[in-house]
Amino acid sequence: MALCEAASSLYWPRVLLFGDSITQFSFQQGGWGASLADKLVRKCDVLNRGFSGYNTRWAKIILPRLIKKGTSLDSPVAVTIFFGANDSALKDENPKQHVPLDEYVANLKSMVRYLKSVDVPEHRIVLISPPPLCEAAWERECLAQGCKLNRLNLVVGEYAGACLQVARDCGTDVLDLWTLMQKDSQDFSSFLSDGLHLSPEGNEFLFSHLWPLIEKKVSSLPLLLPYWRDVAEAKPELSLLGDGDH
C-alpha cells in the first residue's frame, strides 16, 4: 500500500473567532487574531469569522452556517464571540445596526445555547465585550461620512455590562474590554484607530488579556508533527506518519 494511503489523517484542532469588524480586521499586521494564530502555530488553526458591520441579530442567523454538529474532532477547542460595537449604535442615528439591549442579551444567550447544542460546551467559549468608544474621534469619522455621531460611550458601556451578565448566566469566560481599557481613568484613545476600531496598541492590549483565557483551553494541545531534528533520518515515515509521534 502506498505511504499516503497508509497514513492516517492528521487531526488539526481549531479556534473560531466570531465577531464583527474588530474580529474581521484582527488578521491584519499586528492584529490580535494574527497574534493568536502565531502563538498557536502547529498546535491548532485559528479561523477568522469576523463580519464587518454585523450585529448579534444577524450573527445569530449565520452561526449555524459556520459550525454544525459533527464528530468530536470537528468541535472547536475554543470560540470567541465578540459583538456589541454595532448593536450599541444609537437607534435614531443608525437604526440598521442598532439592536435593543434586551435583544442583544437574548441573542448572545441564543448563540451560547446553539454552540452547546453542537458540542461546544460553555468552558470553551469566551465572550468579549465591545471596547470603549472615543466619541470625539468617532464623531470626526461620522461627520466625514455625512452623518451625526451615532454611538455614545455610556451606551456602549451598557452593552458591555450586559455581555458580562450573559457570561455569568451562561457560565462562559468573558473579557471585559470596555472596563479594562478605561481602568484607573486612563486615556484609552491610543487603543483605538478611529474612535471605534482597534489601533496596533489596542490589538496588543486585547491579545494580552485574551491569551490567558485561551491558553487554559489549549494548554494540553501538543506540537503537531515532530521537531525537524527528531525526524528519523533513514526512515522519515516512521516519524511523520500515524499520529506524528516517533
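This text follows the structure it describes.
What counts as what
- Residues numbered from 1 in each chain as written.
- Predicted model: local features only at pLDDT ≥ 70, side-chain atom pairs only at ≥ 80, totals over all residues.
- Heavy atoms only, no water.
- Phe/Tyr/Trp six-rings, centres within 6.5 Å; stacked < 30°, edge-to-face > 60°.
- Helix = DSSP H or I, 4+ residues; strand = E, 2+ residues; numbered from the N terminus.
- Buried < 20%, exposed > 50% of the residue type's maximum accessible area, 1.4 Å probe, protein only.
- Arc of directions from axis to C-beta.

(A) Structural detail: the packing of aromatic side chains. Following the criterion strictly, the structure yields nine aromatic pairs and no others. On the numbers, 4.6 Å between centres and 40 degrees between planes, the contact of Phe 191 with Phe 205 is tilted. Of the two residues, Phe 191 is situated in the loop between helix 8 (177–180) and helix 9 (200–218) and Phe 205 in helix 9; the sequence distance between them amounts to 14 residues. We note that Phe 191, like Phe 205, is buried. Grouping aromatic residues by their ring pairs yields a cluster made of Phe 18, Phe 51, Tyr 54, Trp 58 and Phe 83.

(B) Region of the structure containing helix 3 (residues 32–39). Of the residues making up helix 3, those classed as buried are Trp 32, Gly 33 and Leu 36. Angularly, the buried residues of helix 3 cover 100 degrees about the axis, an arc narrow enough to put them on a single face.

(C) Seen up close, helix 6 (residues 135–144). Among the residues of helix 6, Ala 137, Trp 138 and Cys 142 are the ones counted as buried. The arc that holds the buried residues of helix 6, viewed along the axis, is 140 degrees, so those residues lie on one side. Along helix 6, exposed side chains directed more than 90 degrees from the buried face belong to Arg 140, Leu 143 and Ala 144. A positive phi of about 80 degrees marks Gly 146, the residue just after helix 6.

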